[in-house]
Amino acid sequence: MIVEMLAEAGSGHPGGSLSSADILTCLYYAVMRHDPKNPNWPDRDRFHLSKGHCCPALYAVLAEQGYFPKAELAGLRKFGAMLQGHPDRHTPGIEVCSGSLGQGLSVALGMSLAAKLDDKDYRVYCLLGDGETQEGNIWEAAMAATHYKSDNLCAVLDYNGFQIDGRVSDVMEIEPLADKWRAFGWYVLEIDGHNMAAIYKAFSIAKNIKDKPAIIIAKTIKGKGVSFMENVVDFHGRAPSVDETGLAKKELGKKNG
């Protein structure tokens, strides 16, 4: 679905969408408390896609879950259609507009603090990009979340090693990443972001952490599942051509057409 909608749009971000697909699938199918028939249910768990450019993955999951008809996916990035190139609150299931990197963890923290103030037991999940952690605002939010003992907040870092300008380590090194989050007082889990059992176990552990927020650092592969996209920085923000779309669909086990 990610490949098809990006091909139809002729623009967008396949690499990070594919690297985060397993994480989002686990969240929406097995972890989060939510109701597609009632997107504004007050007691729902909240999810915020901080790396908003990877919204094709989120749109695919939301459509599969029934938040809106799958036919809407063909309108991605088209004028007048529901699905914009970055998440927007006009789309059912989207909590907050996003796309400007570095802001999402602060937004998620605000949601988690609201839950505590309102004496609600919902949890808040936030998906970050690895290049995004070069933004200073991420670390301000990290510090504040620990100060307020936001144990209802779980961040997930899609660590695929690439950003728009190249390898994360070449643009601005973020290692030692786990040690940095621990130094800010977070409970840190490191997993294979494509191992569904490991993803589910990490979310289960995070749910039981008390008096501090948790972050799951998920090691992933940019463009996962499509051989000619994997670990290729060009596919950070380039839609597949017609021929590439056909090849990708074959690799992903779909029929052409």
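Everything discussed here concerns the structure shown above.
Small disclaimer: the values here were computed from a predicted structure and weren't measured.

Caption draft 1: A look at the pairing of strand 2 (residues 124-129). Most of strand 2 sits inside the fold, with six of its six residues counted as buried. With burial as the criterion, each face of strand 2 is covered, one bearing Val124, Cys126 and Leu128 and the other bearing Tyr125, Leu127 and Gly129. Sheet topology places strand 1 (residues 46-49) next to strand 2; four bridges connect them, and they run parallel. Counterpart to histidine 48 in the pairing with strand 2 is cysteine 126.

Caption draft 2: Expanded view of empty space enclosed by the protein. Taken as a whole and assessed by the stated rule, the structure comprises two cavities of 30 Å³ or more. Along its surface, the largest cavity is lined by 13 residues, and Arg44, Asp45, Tyr67, Gly93 and Glu95 are the ones closest to its centre. For the lining of the largest cavity, the residue count by class is five nonpolar, three polar and five charged. Of the volumes computed, that of the second largest cavity is approximately 40 Å³.

Caption draft 3: Highlighting the layout of surface pockets. As a volume, the largest pocket reaches approximately 450 Å³. As for the largest pocket, its lining consists of 21 residues, and the residues nearest its centre are Met1, Ile2, Leu18, Ala21 and Thr25. Elements with a contribution of two residues or more to the lining of the largest pocket: helix 1 (2-9), helix 3 (21-31) and helix 4 (55-65). Ranked by residues supplied to the lining of the largest pocket, first place goes to helix 3 with five residues.

Caption draft 4: Seen up close, the pattern of salt bridges. Applying the stated criterion across every chain yields a total of twelve salt bridges. With a closest N to O distance of 3.4 Å, glutamate 4 and lysine 249 form a salt bridge. One end of the pair, glutamate 4, is in helix 1; the other, lysine 249, is in helix 10 (residues 242-251), with 245 residues separating them in the sequence. Residue class for glutamate 4 comes out partly exposed when judged on its relative accessible area of 32%. The residue lysine 78 makes a salt bridge to glutamate 8 at a minimum N-O spacing of 2.5 Å. One end of the pair, lysine 78, is in the loop between helix 4 and helix 5 (104-117); the other, glutamate 8, is in helix 1, with 70 residues separating them in the sequence. For lysine 78, a relative accessible area of 35% puts it in the partly exposed group. Judged by relative accessible area, which is 44%, glutamate 8 ranks as partly exposed. Through salt bridges with shared partners, a single ionic network connects Asp179, Arg182 and Glu190.

Caption draft 5: View of unusual backbone geometry. Of note, the bond from glutamate 175 into proline 176 is cis; its omega dihedral lies within 30 degrees of zero at 0°. Along the chain, proline 176 falls in the loop between helix 7 (168-171) and helix 8 (177-183). A positive phi angle is found at aspartate 119, which is not glycine, with a value near 55°. Under the relative-accessibility criterion, aspartate 119 is labelled exposed at 69%. One non-glycine residue, lysine 149, adopts positive backbone phi at about 50°. As for its placement among the helices and strands, lysine 149 is situated in the loop between helix 6 (136-147) and strand 3 (153-159).

Caption draft 6: Structural context of the environment of glycine 129. In this structure, glycine 129 sits in strand 2. The class for glycine 129 is buried, based on a relative accessible area of 9%. For the pair glycine 129 and alanine 81, spaced 48 residues apart in the sequence, the C-alpha separation amounts to 26 Å.

Rules behind the numbers
Within every chain, residues take consecutive numbers counted from 1 along the sequence as written. Selection of residues for local features in this predicted model requires a pLDDT of at least 70, selection of side-chain atom pairs for listing and counting requires 80 or more, and totals for whole chains, interfaces and linings are taken over all residues. Each side-chain value is worked out from all heavy atoms of the structure, with water and hydrogens disregarded. Think of it in three bands: with a 1.4 Å probe and only protein chains considered, a residue is buried below 20% of the maximum accessible area for its type, exposed above 50%, and partly exposed in between. In this text, helices come from DSSP runs of H or I with a minimum length of four residues, and strands from runs of E with a minimum of two, each type numbered from the N-terminal end. Pairing between strands requires that DSSP locate at least two bridges from one strand to the other. Buriedness of a pocket was judged along seven lines, with at least five required to meet protein on both sides within 12 Å; pockets are open sets of points on a 1 Å grid over the protein atoms alone, cavities are sets where a 1.4 Å probe fits but cannot get out, and lining residues have an atom within 4 Å of a point. Grid points are joined across faces, edges and corners, and a volume is the space filled by probe spheres set on the points. Here the nonpolar group is Ala, Val, Leu, Ile, Met, Phe, Trp, Tyr, Cys and Pro; Asp, Glu, Lys and Arg are the charged ones; every other residue, Gly included, is treated as polar. By definition, a salt bridge exists where a carboxyl oxygen of Asp or Glu is found within 4 Å of a side-chain nitrogen of Lys or Arg.

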